[in-house]
Structures are given as structure tokens and as C-alpha cells.
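In case you want the letters, here they are:
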Amino acid sequence: MVGVKMAAAAAASIRERQTVALKRMLNFNVPHVKNSTGEPVWKVLIYDRFGQDIISPLLSVKELRDMGITLHLLLHSDRDPIPDVPAVYFVMPSEENIDRMCQDLRNQLYESYYLNFISAISRSKLEDIANAALAASAVAQVAKVFDQYLNFITLEDDMFVLCNQNKELVSYRAINRPDITDTEMETVMDTIVDSLFCFFVTLGAVPIIRCSRGTAAEMVAVKLDKKLRENLRDARNSLFTGDTLGAGQFSFQRPLLVLVDRNIDLATPLHHTWTYQALVHDVLDFHLNRVNLEESSGVENSPAGARPKRKNKKSYDLTPVDKFWQKHKGSPFPEVAESVQQELESYRAQEDEVKRLKSIMGLEGEDEGAISMLSDNTAKLTSAVSSLPELLEKKRLIDLHTNVATAVLEHIKARKLDVYFEYEEKIMSKTTLDKSLLDIISDPDAGTPEDKMRLFLIYYISAQQAPSEADLEQYKKALTDAGCNLNPLQYIKQWKAFAKMASAPASYGNTTTKSMGLLSRVMNTGSQFVMEGVKNLVLKQQNLPVTRILDNLMEMKSNPETDDYRYFDPKMLRGNDSSVPRNKNPFQEAIVFVVGGGNYIEYQNLVDYIKGKQGKHILYGCSELFNATQFIKQLSQLGQK
């Protein structure tokens, strides 16, 4: 009854593959054909929060409607019966979800039921559904039951995150809690492995796994190897059979999966950043590709004593369809501001052209001149009118990025983020510092208490020699005076003492940011963005620890950092514990997965790295995606213990 057959879709990116799988599911698990004539079958989609998070970054409401979805409702909301419509369910196989589905069957809510589970359902739960269907004499109505193996969230063509709903279950804090029991740790690891397994089923490839020893990443590797191995052995039900493996770009060579532990680099997630997407994630509320902005409404025109107006909340989707976003999400911020300005100017020029044609078309009088001008301009106007939808879309994107970039710029200016970014880059690359750390911490105008804490933690993590007790006391006092919470430092101190026994600190390459003089000179005077005083910093490509580890393993370079990484090949009959790779050729495809949480800074660093490698592909995944604020909060909770 539970059948999973993947049609051989030669989709390149994980994003396409997951979208194809979702569309097939919405099409009653029959491959979706684009140009079939006739109306789609109208149906309802019932999902839980997990299903919602998987679908929302990939399919818009319009796309759902094109697939025949008239209503999409949460499983646990009050739903009215619609007796003549089929329902497609997309939910996790949890106790309460299954109880609710059985209740739907008893209440005869829909005409037929297509039950899709995000992750594989156990035999006993399947029997519960069967019994409920029998009791409700609705067996004939349950049309299909499918395991979809889609338990992960794709955010970009080359980036995925495991979960969003229960992310505290697999968070950095959960994995690194000193009081975690073995059973709790097992649960965390099983949750991660289940999602990674789903990821590889969707990708249609069995990876070769490398991981560092003695970390949570190693536990994930061992479990994932076992799970893939068991599935490959069970030839009749294997999810990796012929027609999936022949498809796509993975036909000749298998991908490499590099499992790294967050603890190899705690500085990067705290780092202030300078590229567009990472900045949006750092300073704004950016979540599953949607950014929520508060629009400040005018204060000047309200009469004295009146209540200040409520702030409007606006949300924008930053999707791959958005050309500007795709092009500039990895660009340094000043470049983004300049590009928005250029887009705006080219749009205005096009708009003026349409206006000019309109005014000509309004010519009165029947004289010869007007007539000949008319025929000449009709063609122009026709083309102008046909380009209107395109113009409107362009306008929408320009407005969107003007708003988002302005909001980011306000943070940069208010918190002196350019100063922080430049200073942290110097610390991480061990360059000489031009002003003392204490000055920045004690400067009331520079940043929030959290910014200061992030800066100090990076300094503390990157220091070869930990500061002396006396110095540390002085820093602590300055931080406390600045209003910082010192809990994160407590944890980092313990972590550093422990990590020191394990290995030397990670090096961050020797980067330097060149300052191009103040930005105000670059920006033309009519610009939307008043960037006075903000430094125009240009990035030099240097590899972060995660990228460096990947480079060693993907290119088969020998390096003390990665030489003792364990090697697993789930396809080998006997799993042997070795760190000697059997395959000596460099890999073309690789997936880097960070156990304990990732960020857009590392993602961007990997994207930049792979640009220089012809014909190679790379995917970045993490157990959760956090920004520095969320990470500091977890460190702070760990430090309280």
C-alpha cells in the first residue's frame, strides 16, 4: 500500500527535485504534466505546520491554484465537511495527526482521501488508520497512502535546512547541553538522520560520507550509514533503485557528504557580515525566505498629544524568481544600494517613454502631421503596452528592495555595523588592530550590547592565547557597563578550555578588507540611500573553516585538519571503520552539512568558493538556520547552567 516510486526526473537542483515531488503529490501522486488540456481536478490540501514550512518556500498560492488546490487548511483547524471533493493530506506521521485523520474519516469530511506522510509512517500507525477506515466504513474512500520522504526544507537551489517547527529539538543548545541523557541524544540524532535520509531519497543518490571524529557529526554519520545500508540491502523496497539513480547529474559519480560539527567554528555564526542576504538575516526578521518589515509611519503630521500611529507590518518574499535578489544576494551591501538605484533610474526612463507616447496619442485635430505621427507611434505604443506587466513587476521588485535595503541601512548606520565587520575581519585574520577592543566596547554610540558581546566573543574564540585574568576582568567590567549579558562568555570559556585539549583553534585564512574610502563619493547625489559615513568595504575571497574542510575532502588534498576524518560508504558490503578513502578521485558533487546549525555567511562563502571550480556543484545544509541573535541566546542558555 505504501509505495514510493520516483519518476526519473533529471532535475538539477534539490529545489527542483523537491518541487517536482510536491507537484506529483498534489496531482494524486501521478507525474504532473505541464500542458495537459482541460481543468485540473479541484481538491483541498490539508497540511500540518511541518508540511506548511516545506511547501511555502517552494510553491506560491497561485501555483497551488494552478494545481487545482482551491483551499489549503491546517489539519488541526476547524474544517467544514466538503463531501464532494477529494482531499490531499501532507503531514508528519505523529500520534495527534493520525488521531485527527481518523476523526476526519469518521466524520466523512471529504469524498476521498490521499494520505501523504512527510516522513515514513510506522506499521502500527498505518494499522490505526486502517482500523479507523474500517470502523467508519470509509475504506473505499482512502485512495492512496504514500510515504513522501520530504522531511527537509529547501530554501535555495543549493541550500536546505532540516526543520523549523521543532528546531529547538535539534538546536546547538540541545546537542551541547551538559546534562543531556543518552536517550535524549539518541532522539536528537535520529531526528537529524531521518531528515538527511529523506534528503538523499529525494536527491536520488547514495553519498560517500566523511566526518570528523569524536563529535556529534560522527554520531550522525554512523546512524545515517546504517540507515542507508539497511535500505540498500532490502532490495525489494529499496528507495534507491535503478530508475532514480540513472537520473540527474549523479549518474556517473556519487556525491560526497561532509558532516561537520558546529563546534569547529563558533566565530562565524557570531560574525557581523557585509553581504546582502546575510545582512538581511542578521538584522531583520528573515525566515524561510520571507522578510517581515515594520514600516514606520510619519510622525510629523500627527497632532500633538495624539497616539503614535501603529507600525504597519509588511512582509516580502525573497524568492529565486526575483532576478535582482538572485543576482545580488551575495554582493557587498554598498554594491546592492547602487544597483537598486540604477534599476530605479532605468525603470523611470521606461515609464517616461510610456507617458510621452500617451500624450502624443492624445493629439487633437485631423491634420496630416498628427495622422502620420499616429501610425508611427501606434507600433511604439503597442510594444509599450505589451511591456506594461513586465514594467509593473520591475516596479514591485524595485520597491521591495528599496524598502529592504533601506531597513538594513538604518541598522548599519545606527549600530556602526561596518566598523564591527571590519574589526572582526581583522581579528579573525590576525591582522594588527588599529584601535583597542576596549574603546569599541566602551563607545556608547557603537552598536547594541549584543553587538559588543559578539565582537568580544569572536576576539576570545580567535585568540591564540586567552587574555590574562586581569585583562579579562577589565573586559568583563566594560561589557557589563555596556549592558551586556555575560552568560554566553561563561559557556565559551568552558568550550574553549575543552576545545583546547582537543585541537588548535581554527584559522580563518588571512583576509583583508580594503576600504574604498567613504561611500558617499561612490553614490551619486540623487540616490535614495544616504550612505554618508558608511565605509565601502570590498571583500576578498578567503575560505572559512567549513569551506576549507570541504575543499580538502572534495579535492582529496592531504591536510592534518582532515586526514583522520572517518570514511563511510553505505554501498560497500562490509562497513569498515577507516579513514582511508577507497576513491582517490576528486568529487564533482558535494553536500556540506553542519550539525548544530548554520548561517548564510558560510553558505555564501561556499557559493563563492565553488564559482571558481568548473563543473562542480555544492549544496549547503544545516540542522537549523540561526542568526547571531538566536545563536547568542542559545549560548546564553548554555552559560547559565
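For clarity, every value in this text was computed on a predicted model and none was experimentally measured.

Definitions and limits used
Residues numbered from 1 in each chain as written. Predicted model: local features only at pLDDT ≥ 70, side-chain atom pairs only at ≥ 80, totals over all residues. Heavy atoms only, no water. Phe/Tyr/Trp six-rings, centres within 6.5 Å; stacked < 30°, edge-to-face > 60°. Helix = DSSP H or I, 4+ residues; strand = E, 2+ residues; numbered from the N terminus. Buried < 20%, exposed > 50% of the residue type's maximum accessible area, 1.4 Å probe, protein only. Axes fitted to C-alpha atoms, helices over the stretch in contact; angles between N-to-C directions. Parallel < 35°, antiparallel > 145°, perpendicular 65-115°, else oblique. Left-handed = near helix turned anticlockwise from the far one by under 90°. Contact = heavy atoms within 4.5 Å. Nonpolar A, V, L, I, M, F, W, Y, C, P; charged D, E, K, R; others polar. Pairing = 2+ DSSP bridges. Patch = residues over 30% accessible without salt bridge, like charges linked within 9 Å, V, L, I, M, F, W, Y side chains within 5 Å. Areas by Shrake-Rupley, 256 points an atom, 1.4 Å probe, with all protein chains shown as cover. Salt bridge = Lys/Arg side-chain N within 4 Å of Asp/Glu carboxyl O. Lys, Arg positive; Asp, Glu negative; His and termini not counted. Charge placed at Lys NZ, Arg CZ, Asp CG, Glu CD. Expected span 1.5 Å × (residues − 1). Arc of directions from axis to C-beta. 1 Å grid on protein atoms, 1.4 Å probe; cavity = no way out; pocket = protein on both sides within 12 Å on 5 of 7 lines; lining within 4 Å. Points joined across faces, edges and corners; volume = space filled by probe spheres on them. Domains from an automatic or database assignment. pLDDT = per-residue confidence, 0-100.

1. What about the packing of aromatic side chains?
- One pass over the structure, following the stated rule, counts 24 aromatic pairs.
- Between Phe28 and Tyr114, the ring centres sit 4.3 Å apart and the planes meet at 35°, which makes this aromatic pair tilted. With Phe28 in the loop between α1 (14-26) and β1 (43-47) and Tyr114 in strand β4 (residues 110-117), the pair connects residues that are 86 residues apart, well separated along the chain. In this pair, the class of Phe28 matches that of Tyr114, namely buried.
- Seen in terms of ring centroids, Tyr172 and Tyr491 are 6.2 Å apart; in terms of plane orientation they differ by 85°. Their pairing is edge-to-face.

2. Digging into the packing of helix α4 (residues 95-106) against helix α5 (residues 123-135)
- Between α4 and α5, whose axes approach to 9 Å, the crossing angle comes to 15°. On the basis of their axis angle, the class for α4 and α5 is roughly parallel. Crossing handedness for the pair α4 and α5: right-handed. In contact with Glu95, Ile98, Cys102, Leu105 and Arg106 of α4, α5 contributes Lys125, Asp128, Ile129, Ala132 and Ala133.
- Along the lines of polarity and charge, the residues of the contact of α4 with α5 split into six nonpolar, no polar and four charged.

3. Quick notes on the sheet that holds strand β6 (residues 153-156)
- The strand order across the open sheet built from seven strands is β6-β7-β17-β16-β9-β8-β15, with neighbouring strands paired in mixed fashion. Because the sheet does not close on itself, it has two edges, and the strands there are β6 and β15 (566-568). Going from strand to strand, the sheet's axes swing by 20° on average, the running direction of each strand aside.
- Inspection of the sheet shows β6 paired to strand β7 (residues 159-161) by three bridges, in the antiparallel sense. Of the residues in β7, the one forming a bridge with Thr154 is Phe160.
- Strand contacts of helix α20 (residues 545-554): β8 (208-211), β9 (256-261), β16 (589-595) and β17 (617-622), with the helix running at about 145° to β9, the strand carrying the most contacts.

4. Observations concerning the environment of Ser462
- Within the secondary structure, Ser462 is located in helix α17 (residues 449-462).
- In the structure, Ser462 is positioned 33 residues away from Ser429 in sequence and 8.8 Å away in space, judged by C-alpha atoms.

5. Some details on a negative patch on the surface
- Residues Glu95, Glu96, Asp99 and Asp128 make up a contiguous surface patch of negative charge.
- Looking at the negative patch, the element that brings in the most residues is α4, giving three residues.
- By the secondary structure assignment, Asp99 is in helix α4.

6. What to know about the pairing of strand β3 (residues 82-91)
- Extensive coverage of β3 is indicated by the burial of seven of its 10 residues.
- Sheet topology note: the β1/β3 ladder contains four bridges and is parallel. Across the sheet, the residue bridging to Ile46 is Tyr89, located in β3.
- Bridge count between β3 and β4: seven bridges; the pairing is parallel. When the sheet's bridge partners are listed, Ala87 is paired in β4 with Tyr113.

7. Side note on helix α18 (residues 469-481)
- If you check α18, its first and last C-alpha atoms are 18 Å apart, about what 13 residues at 1.5 Å a residue would give, namely 18 Å.
- Every buried residue of α18 is accounted for by Leu472, Tyr475, Lys476, Ala478 and Leu479. On an axial view of α18, the arc spanned by its buried residues comes to 165°, and they lie on one face. For α18, exposure combined with an orientation more than 90 degrees from the buried face picks out Ala470, Lys477 and Asp481.
- At the C-terminal side of α18, Gly483 shows a positive phi close to 90°.

8. Considerations on the layout of surface pockets
- Roughly 930 Å³ of internal volume is contained in the second largest pocket.
- Contributing to the lining of the second largest pocket are 33 residues, with Ser56, Pro57, Leu59, Ser60 and Asp317 lying nearest its centre.
- Every element with two or more residues in the lining of the second largest pocket is listed here: α1, α2 (49-55), α3 (61-66), β11 (290-295), β12 (312-317) and α14 (388-415).
- Among the elements that take part in the lining of the second largest pocket, α14 stands out by supplying four residues, more than any other.
- The two domains that each donate at least three residues to the lining of the second largest pocket are domain 1 (14-149) and domain 3 (287-294 + 314-361 + 382-414).

9. Quick notes on the confidence of the model for the protein chain
- In the predicted model, the protein chain carries a mean pLDDT of 83, and the fraction of residues at 70 or more is 82%.
- Ranking the elements of the protein chain by mean pLDDT puts strand β13 (residues 514-518) last with 43 and β1 first with 96.
- Here residues 243-251 is a poorly scored stretch, pLDDT under 50, and it has 27 contacts once near neighbours within four places are set aside; other chains count.
- Between residues 298-304, whose pLDDT stays under 50, and residues either more than four places distant or in other chains, the model counts two contacts.

10. What about unusual backbone geometry?
- If you check the backbone angles, Tyr149 has positive phi at about 50° while not being a glycine.
- Position of Tyr149 among the secondary structure elements: in the loop between β5 (142-147) and β6.
- With relative accessibility at 11%, the residue Tyr149 sits in the buried group.

11. Here's the deal with the pattern of salt bridges
- Tallying each qualifying case throughout the model produces 28 salt bridges.
- Lys329 serves as the salt-bridge partner of Glu156, at 2.5 Å between the closest nitrogen and oxygen. Note that Glu156 is positioned in strand β6 and Lys329 in the loop between α11 (323-328) and α12 (333-361), a separation of 173 residues in sequence.
- On the basis of relative accessible area, Glu156 is assigned to the buried category, the value being 3%.
- With relative accessibility at 9%, the residue Lys329 sits in the buried group.
- Between Glu561 and Arg548 there is a salt bridge; the shortest N-O distance is 3.2 Å. Taken together, the residues span a long stretch of sequence, with Glu561 in the loop between α20 and β15 and Arg548 in helix α20 at a distance of 13 residues.

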